[in-house]
Structures are given as structure tokens and as C-alpha cells.
Amino acid sequence: MSRKSAIVLGGSSDIGRATARAFAKAGYDVGLAGRDVAALEPDAADLRARYNVEVGLSKFDVLDTASFNGFVSGLPALPDVVISIVGLLGTQDTAQSDLAHATMIMRTNYEGPSLILGLFAEKFLARGSGTLVGVSSVAGDRGRASNYVYGSAKAGFSAFLSGLRARASRGGVQIVTVKPGFVRTKMTEGMKLIGPLTVDAPVVGDAILSAVENKTDVVYVSGKWRLVMLIIKTLPEAVFKKLKF
Amino acid sequence: MTLVSGWGRFPVVDSDVLRPRSFEAVCEAVVTGSVARGNGRAYGDAAIGAVRTIGMTGFDRVRSFDPATGRIRLEAGVLLSDLIDTFGARGFLPFVVPGTRFVSVGGAIAADVHGKNHHCEGGFGRYVDSILLRTGEGETIEISREQNSDAFLATVGGMGLTGIILEATMRLRPVETGWIRERVISASDLDAAMRALDAGDAATYSVAWIDCAARGRDLGRSLIYLGEHAGKDELADGAATFPAGKNPELAVPVDLPSMTLNRYSIRAFNELYYRMGARRAGGDHVVSLYPYFFPLDSIAGWNRIYGRRGFLQHQCVIPEAGARAVLGEILDRVSRRGDASFLAVLKKLGQGDGILSFPLPGYTLALDFPVKGDILNFLDEIDRLVVAAGGRLYLAKDARQSRATFEAGYPALSRFNAIRKSLDPAGHIRSKLSQRLFDEV
């Protein structure tokens, strides 16, 4: 039996690297996709040296949706698992008046990830198997004053995944939505994170692997976030609108 | 600026902490007063920049690995815990591991860390073949015993002061299993403990835990742990060839009040530990490498049990000839104080490999003390005994020794300083430790 394979979109991010390691350690051959293929070479060498697996690289730009069909058809083989880690936190303050920045946040977090996973979903449904993983965010559970441009894009992505799941599960294709919460990464460096609610990237990588293997639908990487967001989601709007976080 | 400390949480000082993501960014980050920091397990001020601290744990990639020879090339931020988890299952372990696996390769080279096998197999640096170093002057050079050998020998054990270690090539040890065949020997006093360690010279691994609450006739009573790598045929039926490396099972979530550790609780702990260990003395047991090498790693944040003000570790080495008398005197003074630690460890060391490497042939004693009262004066007095016996202190543990103690203990210092100067004429690389002990003022 040939080995299983997984492609990580956004392979050079901290969560992308950790996820690639988790899957390679579990014996998957791994594909890393990102804007700068040369920058992915050291990570590919790392995975080969550590886990003795096959690692392929491909160019992927989440904003270049016109290239998506070519990206999918250009892969040497249709993988068993596709994981989208791509995301952009951006700057809320800037996005409030700079439409180009707001558009980039929306496209990077919603449009691109949804379209590429949707495209893979068609291929997977035709084959009758496969798993698609979208890394969304707890920020998408309810729009908050401090990050609603990012949050609304993640909300859209979560909704897309939810609908896709309802359709694809009948066709043997599994859809996983991952909501990491705070993660110590390049993206969050310098931010004030709440210690007990914050995890390291390898914890997210392991959680994604276990969600794929256990066929979980929606994963809050830390169970505490499920509770936190449950509270945030149930606050009446009259109360919620007074909160500044 | 950020408040930074070592594992002992003393001293706590301001430094500008950066975490560059590329080697180019590392080079750009170096300003006058910079030093690299790995996983922050040096106890004192070694990995805190005088002005800027350059965090290296983001550099955690393996470049290449040859399973035929065990040679590995890796970035300096790879942790030994990662190496063990990743390559243990493939039959390879680091040749040398210190008492915690949560140290970076760069830090292990800079401190030339030793393990329970130093008496027969040497320190971490012995298994490092070459290092990619960004010197203080700004050059990036490959150094080894053959090429730039002075720089290599100054970098192994050089406390990060020759420059920033970016990558290293080292050898891993082929092993059949991840298990250790352990023999526990109980020794009723210091003489018996030293005899047992001498008798254990042939063992690959040997270390003694000393009950430092014991006094009088019992002074220095110990449990000696000898160890060998276990073969597959020694494992229980159904045991995994390589045991799982569990994450810490316990955690110390907050600083305990400093009164938690007092002479009564410490005495009770030591008594219990000795009695439980002594019951296992005698025959061989096969134990997982994790509890054998890293007993404290199972308690996350154990450094917090000493309270908010932190603790000091005092680790000295005394040359073999005068060791018995000096160790007896130190242990006597410590036992009379009553606040000595859970962790008193005695072991034999061999010759060090780097110019400033801590080990020399003799006995090393490591003790922990909470930071309070007159502890600094007390340790200064202990240092006088160490220096008089021709011994010295381990820089990776140190937060408080005097220049005089340091200079007396490290006679090769002038050679080290000359090499450091040639690699960093403008003096860019400076840590809080180098300001305290090395740099011209």
C-alpha cells in the first residue's frame, strides 16, 4: 500500500511547518505550498532528514485565484489530505479606512482558502475520498470591535466549511474546521496573549493530525476556547456592543 | 526592553529581546552588547545580552541526517528533546545529555554541557564536528578542530561569547533501545559514596544524589545511579523499543511561597527519597531514558518551587586529589544551614574539551539554594574553599561568583580572551555574564 499524502497550503508559516512535521512524523508524504518555493526548501530538507518521507514543493499564492485550477491539475497526484493554513491578521485600525488592506485581509482569509478547498472538494467528491482542513479562527465566532475585518473573513470561511461539510460528508469527503485560539507564532509576535489560552504551534499541528485521523468536524485546539467563545457568542448584543475587546 | 532571567530566575534584568527569523536577520540584529539565547535553561545571566538578547529557538530545522553514520547537521535552536523524540525511534540519541532535555544545541555547545557519562565519554562538544559561527565582527565562518581550530575550541564552552552559533554538525549515538539498565547503590556516608563513584568508573553513566540534610555520621549519605544502554533482549515482553517521551505530567503553576521549602520539608523529602531509593538498591532494573536522564523534566516549571525571588545553583568541580576534604567541609556547612536543597548531585568528571569548558578531572557537586538571607555571603565562603583546592564553578549555572573566583578557576582565560578579541575586536558580543566576569570595565 502506498503511503498517504498531505499538502499544506501556507507551508512556511509556523503552524504550517508544525503541521507538516506532525503529518510527516505520522508517515505521510508531504507537499508544501507557498508563495516563495525557495524559502520552503529548508523545511523540505528538515522533513526528509527527520522522517525519511517524500516532500514535494509547489508555488501557491492565495490571492492569485486565477492560478488555482492550474495548481490543482499541476500536482503530481491528488493528495489524501489538503490543509489550508493561509491567513493574514492584518491591522484592524488600518483596515478601517484603507480599503486595499481590508480587501487583502478578506481575500486572504476568506476568498482564497474557500475557493481552493472548494476546488479540491470537487476532485475529492469525484474520487469519493479525502479530507480537507481549513484553519479558521475563534475570531470568526463573533465579530469583535478589535478585529472584525479579520473576524468577518474567518466567519465567512467557517460558514463555507460548514456548508461544504454538510454536502461533502455524503460523498465520503471529510471537512475539518480548526479554530486555534491564541498561538505563539510570527503572526502574533509582540501581541499580548493570555498565557493559559495560548498554545505553541506544534500543539496545533498535532491537533490537526488527530482531527484528520479521528474524523472530527470542528476543533477548538484548546478546550478552554470552546467555553470562552460559547460565553462570547451568547452575550446579548446590548451587552456585547459595550465591550471593547 | 523586557525583563529577562535565566532558569534560576535570579537575577532579573532588562534586555531587548529579538527573535530573528533568518540568518540575515540574526546578523542585522547584532548590536554592541548582544548575545544569543537558546531555550533559557542556563541558570544565571549567561544568556542575557548586555543590551540585546537574540532568541534562537526559531531556528529548529534539521539540515541533513545520515543514518549510516549518525552524522547530523542542524540549526542551533533545535532542542535536545526534539532530537531525542525524532531520532530516538530511529535508533539514535545524543552522546551527551545534561539533566534537562529542554536545552538547545547551540546552548549545549556554548556551555559544553556534561552528562552522567563525562568521566568516560567527555562533554557535548566532543561530538560536535563543526560549527557555523557568526562572529562578533560580522563574518560567518565554519569552524572545526581542523579549520579555525582556535575559534572552535573557544566556542565549545565559550558561553556564546565568540559569536552566534547558527548551525552545527554532530554525531549521534546508535542505540538498540531507549531504555537504560540501571543499578542503584546506597552509600551510608561521603566516603562510601566516593568509593562507589570510583568503582563506577567503568560504567557508561554514573551519578550520585546526596542527602544534604544528613549530618554527623551520615554526612554525605547517597544513592549512586549507574547506567548502561539496554539491549533489545533485556526489555520486558511487549515493551516498546523506544519509550514514549511524555510531556510533563505535573506543573508548578505559580510561585510557591518561599517558606514551602524549609528545613523540615527538605529533611522529610530527603529522608523519604533516600529510603525509597535504598529499597531499590542492589540488582539491575531497566528504566526509560526519560526518568533516568531527566528526572525533573516531568515537573514543568520546577524552578518556581523556590518562590518568587528565585534560586541559585552552586556547581563546583574539585580536582581529585583534594576532593574528599573539601567536599566534606562544604557538605558539613550546607547541612548546618538547613536550607539546602532537594537537589544535591555529586559526580565524577573527566578532562574538558573546550578552552573554557567547566569539567576537569575530579568531582563535581551541585547544590540549590533559595535566594534569601545571607546566601550570597555563604556561597562566597564556599567559593574560597573551592578556589583553594584548585577548583572552579560552572558558568552555565552561575549568577553571582566574583571575578577573583572566576579568574582563579580558569587559568586558560587569557588564551580565551585573545581568541575572543580576534573574532570580535570591537566587542559586540557581550552578555550580562561577560560584563560581570570577562569584560574590561
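Residues numbered from 1 in each chain as written. Chains lettered and ligands numbered in written order. Predicted model: local features only at pLDDT ≥ 70, side-chain atom pairs only at ≥ 80, totals over all residues.

A. View of the overall build of chain B. In terms of regular secondary structure, chain B is built from 13 helices and 20 strands. The proportion of buried residues among the 441 residues of chain B is 52%. Restricting to contacts in chain B with at least 6 residues of sequence separation, those with at least 24 account for 75%. (Helix = DSSP H or I, 4+ residues; strand = E, 2+ residues; numbered from the N terminus. Buried ≥ 20, exposed ≤ 12 C-beta atoms within 10 Å, placed from the backbone. Contact = placed C-beta atoms within 7 Å.)

B. Fine view of the sheet that holds strand E19 (residues 362-370) of chain B. Residue and element names in this part refer to chain B. On the basis of which strands lie adjacent, the open sheet formed by eight strands has the order E15-E11-E13-E12-E18-E19-E17-E20 and antiparallel pairing. On the outer flanks of this sheet lie strand E15 (284-288) and strand E20 (392-393), each paired with one strand and no other. The pairing of strand E18 (residues 345-349) with E19 spans five bridges and is classified as antiparallel. Across the sheet, the residue bridging to Lys347 is Thr364, located in E19. (Pairing = 2+ DSSP bridges.)

C. Quick look at helix H6 (residues 190-199) of chain B. Residues and elements named next belong to chain B. Where H6 is concerned, the buried positions are Leu190, Ala193, Met194 and Leu197. With its buried residues spanning 95 degrees around the axis, H6 presents them on a single face. Contact partners of the buried residues in H6: strand E11 (179-187), strand E12 (205-210), strand E13 (222-229), helix H9 (323-337) and E18. (Arc of directions from axis to C-beta.)

D. Quick look at the interface of chain A and chain B. Across the boundary between the two partners, chain A contributes eight residues, which contact eight residues of chain B. Looking at side-chain class alone, the side of chain A that touches chain B contains three nonpolar, no polar and five charged residues. (Nonpolar A, V, L, I, M, F, W, Y, C, P; charged D, E, K, R; others polar.)

E. Geometry of the packing of helix H5 (residues 99-127) of chain A against helix H6 (residues 148-168) of chain A. Residue and element names in this part refer to chain A. It is at 8 Å that the axes of H5 and H6 come closest, and there the two elements cross at 10 degrees. Taken together, the axes of H5 and H6 are roughly parallel relative to one another. Where H5 approaches H6, its residues Ala102, Ile105, Met106, Asn109, Tyr110, Pro113, Ser114, Gly118, Ala121 and Leu125 are matched on the opposing element by Val149, Tyr150, Ala153, Lys154, Gly156, Phe157, Phe160, Leu164 and Ala168. Among the residues forming the contact of H5 with H6, the class breakdown is 14 nonpolar, four polar and one charged. (Axes fitted to C-alpha atoms, helices over the stretch in contact; angles between N-to-C directions. Parallel < 35°, antiparallel > 145°, perpendicular 65-115°, else oblique.)

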